[in-house]
Amino acid sequence: MPILAGPRRQAVLAFIFVTAALDVLAIGLVMPVLPSLIEEFTGSNAQAGIYNGVFVALWALMQFAASPVIGSLSDRYGRRPTILVSTAGLALDHLLMALAPDLWWLALGRMISGVTSASFTTIFAYMADITPAEGRARGYGLIGAAFSAGFVAGPLLGGVLGEVSTRAPFFAAAALSALAFLYGLFILPESLPREHRMAFSWRRANPFGAMALLGRHRDLVGLAWVNFLIHFVHHLFSTVYVLYAAHRYGWSSGAVGFALALAGLLDVVVQSALVGPAVKRFGDRAVMLFGLVGGGVGLVAMGLAPSGLLFVLALLPNALWGLAMPTLQALMTRRVSEAEQGQLQGANMSVASIAGVASPLILGAVYAASTGASPAVPHPGAAFFLGAAVMFAAVAIGRRGERARSA
């Protein structure tokens, strides 16, 4: 495994950070305007809501199917060509959506986006290739920080461009993805030596075959459940947060955007500055569990917060959640060989995609049941309480894995 050091390693890490940030920035750019563009095609706000939900599910389903394929292709042909092809495909896909003449072309674009965005599996595998096991949590923290930075800047910039035209953010996203492709074309070296590559197999590359990898390693099963539960709760913010903040605190879209940006900035700080020192002092699993507890406490505080100010303050303990994902990734990568890193990341993305399909339906239903004139659930923060319960369940599963390894 080509563990890199010195200036070359810094250049490669810079590429990974920039590529991840640009890819997520491109995706985030279209988030504020996609429902509006759908409404232009349907002519109905209600119909737009239905189709937007279908598009979210289609995107997640395509990620479920494509992630293990792309991960396995990177195990066979290398990380560099897989990342470059995916990034170029994402640029062309955003251009397609910018020029889409009707709803069906837009749906096709969202499906293709689900496939090309699955390149994140290869970015994680690339980090595993170039980083020693003891440094992977910090490396994954940098990727997480890049994702957070992209999700902060993307929707803000997309909202500004959306004032010009509902198509403008799609053109900007295409340009950013093209820039990431050109940057990688000239800078990115290959990270997976030929002697460590694995022959491509559809048995491993289909999502169920890829997830069989998780079952072949005892400790991966519990960690895979933790991964599922983290992603399940993560969709609380895309499903409920905006509606909840407007309903309970009367926030405007500007206030909602500010709180999202603050949450993203806190996540950047935690993942870029705290993960490395914390892991060095306490170890991956202890830091993961602490992050999950912090996230759960923050969600309880959000659900209870009687004012917008207290809701914002609850973002502070919730930001500790950012400690969990990079340490979880580091724990999982240590349990498979170099040749299986891409397959592992593909399996992880498939698990996350399943959560992405189920979570909005369940959390949305819980929120709907907790609001209205005669709510079946008596507290408007019920969805946050459910999210906290899921996080604490992840803590229990993670602790059980720790006891099993020490037994």
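For the structure, see preceding data.
Counting from 1, residues in each chain are numbered in the order their sequence is written. Restriction of local features to residues with pLDDT of at least 70 applies here, the model being predicted, together with a cutoff of 80 or more for giving and counting side-chain atom pairs; totals for whole chains, interfaces and linings are based on all residues. Excluding hydrogens and water, the side-chain figures rest on all heavy atoms present in the structure.

We now examine a nonpolar patch on the surface. A cluster of nonpolar side chains, Leu92, Leu95, Leu99 and Phe171, forms an exposed patch at the surface whose accessible area comes to about 390 Å². Here the nonpolar patch takes three residues from helix 4 (residues 79-99), the largest share from any one element. Numbering of helices and strands starts at the N terminus; helices are DSSP runs of H or I of at least 4 residues and strands are runs of E of at least 2. Tracing the sequence through the fold places Phe171 in helix 8 (residues 168-187). Residue burial is assigned from relative accessible area. The probe radius is 1.4 Å, only protein chains are included, and a residue is buried under 20% of its type maximum, exposed over 50%, and partly exposed in between. Here Phe171 falls in the partly exposed class, since its relative accessible area comes to 39%. Without a salt bridge and with relative accessible area above 30%, a residue can belong to a patch; like charges are then joined within 9 Å and nonpolar side chains (Val, Leu, Ile, Met, Phe, Trp, Tyr) within 5 Å. Calculation of accessible area relied on Shrake-Rupley with a 1.4 Å probe; when residues are assessed, cover is drawn exclusively from the protein chains displayed. Put simply, a salt bridge is a Lys or Arg side-chain nitrogen that is within 4 Å of an Asp or Glu carboxyl oxygen.

The subject of this paragraph is helix 6 (residues 120-130). When you tally the buried positions in helix 6, you get eleven out of eleven residues, the bulk of the element. Along helix 6, the residues that are buried comprise Phe120, Thr121, Thr122, Ile123, Phe124, Ala125, Tyr126, Met127, Ala128, Asp129 and Ile130.

Before going further, it helps to spend a moment on the environment of Gly135. By the secondary structure assignment, Gly135 is in the loop between helix 6 and helix 7 (136-164). Linking Gly135 and Ala330, residues 195 residues apart in sequence, is a C-alpha distance of 8.2 Å.

Our focus in this paragraph is the packing of helix 13 (residues 284-304) against helix 16 (residues 324-333). An axis is simply a line fitted to the C-alpha atoms; with a helix, the fit covers only the stretch in contact. Between two such axes, the angle follows the N-to-C directions and lies from 0 to 180 degrees. Between helix 13 and helix 16, whose axes approach to 8 Å, the crossing angle comes to 145 degrees. For the crossing formed where helix 13 meets helix 16, the hand is left-handed. Counting all contacts with helix 13, which are made through Asp284, Arg285, Val287, Met288, Gly291 and Leu292, the residues of helix 16 involved are Ala324, Thr327, Leu328, Ala330 and Leu331. Amino acid classes used here: Ala, Val, Leu, Ile, Met, Phe, Trp, Tyr, Cys and Pro are nonpolar; Asp, Glu, Lys and Arg are charged; the rest, including Gly, are polar. Looking at side-chain class alone, the contact of helix 13 with helix 16 contains seven nonpolar, two polar and two charged residues. Each crossing gets its handedness from the near helix: less than a right angle anticlockwise from the far helix is left-handed, clockwise is right-handed. Contacts are assigned to residue pairs that have any heavy atoms within 4.5 Å of one another.

Next up on the list: the nonpolar core. Nonpolar core, defined: a set of buried Ala, Val, Leu, Ile, Met, Phe, Trp, Tyr and Cys residues in which side-chain atoms within 4.5 Å join the residues together. Of all hydrophobic cores here, the largest spans 51 residues; its most connected members are Trp251, Met288, Leu292, Leu299 and Phe311. At the level of elements, helix 10 (207-216), helix 11 (218-249), helix 12 (253-282), helix 13, helix 14 (308-313), helix 16, helix 17 (341-369) and helix 18 (382-406) are the ones that each hand at least two residues to this core. A per-element tally of this core places helix 11 first, with 16 residues. If sequence neighbours within four positions are ignored, Leu299 has contacts with Val233, Leu236, Phe237, Asn318, Phe384, Gly387, Ala388 and Met391.

Below, the discussion takes up the packing of aromatic side chains. A pair of Phe, Tyr and Trp rings is counted when the ring centres sit within 6.5 Å of each other, with Trp represented by its six-membered ring. The angle between the planes then sorts it: under 30 degrees is stacked, over 60 is edge-to-face, the rest tilted. Overall, the coordinates contain nine aromatic pairs when judged by the stated rule. Where Trp225 meets Phe228, the ring centres are 5.9 Å apart and the plane angle is 80 degrees; that geometry is what we call edge-to-face. Of this pair, Trp225 and Phe228 both sit in helix 11, three residues apart, which is roughly one turn of that helix. Arranged with centres 5.6 Å apart and planes meeting at 40 degrees, the rings of Tyr249 and Trp251 form a pair that is tilted. Judged by its relative accessible area of 14%, Tyr249 falls in the buried class. Here the aromatic residues Tyr244, Tyr249, Trp251, Phe311 and Phe384 are joined through ring pairs into a cluster of three or more. Over the face of the ring belonging to Tyr77 we find Arg76, whose NZ or CZ atom lies 4.8 Å from the ring centre. Only Lys NZ and Arg CZ are tested; either one counts as a charge over a ring when it is within 6 Å of the ring centre and within 35 degrees of the ring normal.

This part is about the pattern of salt bridges. Opposite charge on two side chains permits pairing when their charged atoms draw close. In the structure shown here, the tally under the stated rule is three salt bridges. Between Asp75 and Arg79 there is a salt bridge whose closest N-O contact spans 2.8 Å. For the residue pair Asp75 and Arg79, the accessibility class agrees, reading buried in each case. Close ionic contact of Arg79 with Asp129 constitutes a salt bridge, the shortest N to O distance being 2.7 Å. Here Arg79 is found in helix 4, whereas its partner Asp129 is found in helix 6, with 50 residues between them in sequence. A single network of salt bridges, built from pairs that share partners, joins Asp75, Arg79 and Asp129.

Moving on, we get to the packing of helix 6 against helix 17. In the contact formed by helix 6 and helix 17, the axes pass within 8 Å of each other and the chain directions differ by 140 degrees. When the axes of helix 6 and helix 17 are compared, the pair comes out oblique. The chirality of how helix 6 crosses helix 17 is right-handed. Contact residues: Thr121, Phe124, Ala125 and Ala128 in helix 6; Gln341, Gly342, Gln345, Gly346 and Met349 in helix 17. Looking at the contact of helix 6 with helix 17, its residues break down into four nonpolar, five polar and no charged. Note on terminology: angles under 35 degrees are roughly parallel, angles over 145 are roughly antiparallel, angles of 65 to 115 are roughly perpendicular, and the others are oblique.

Bear in mind that shape data such as this cannot, by itself, settle questions of function.
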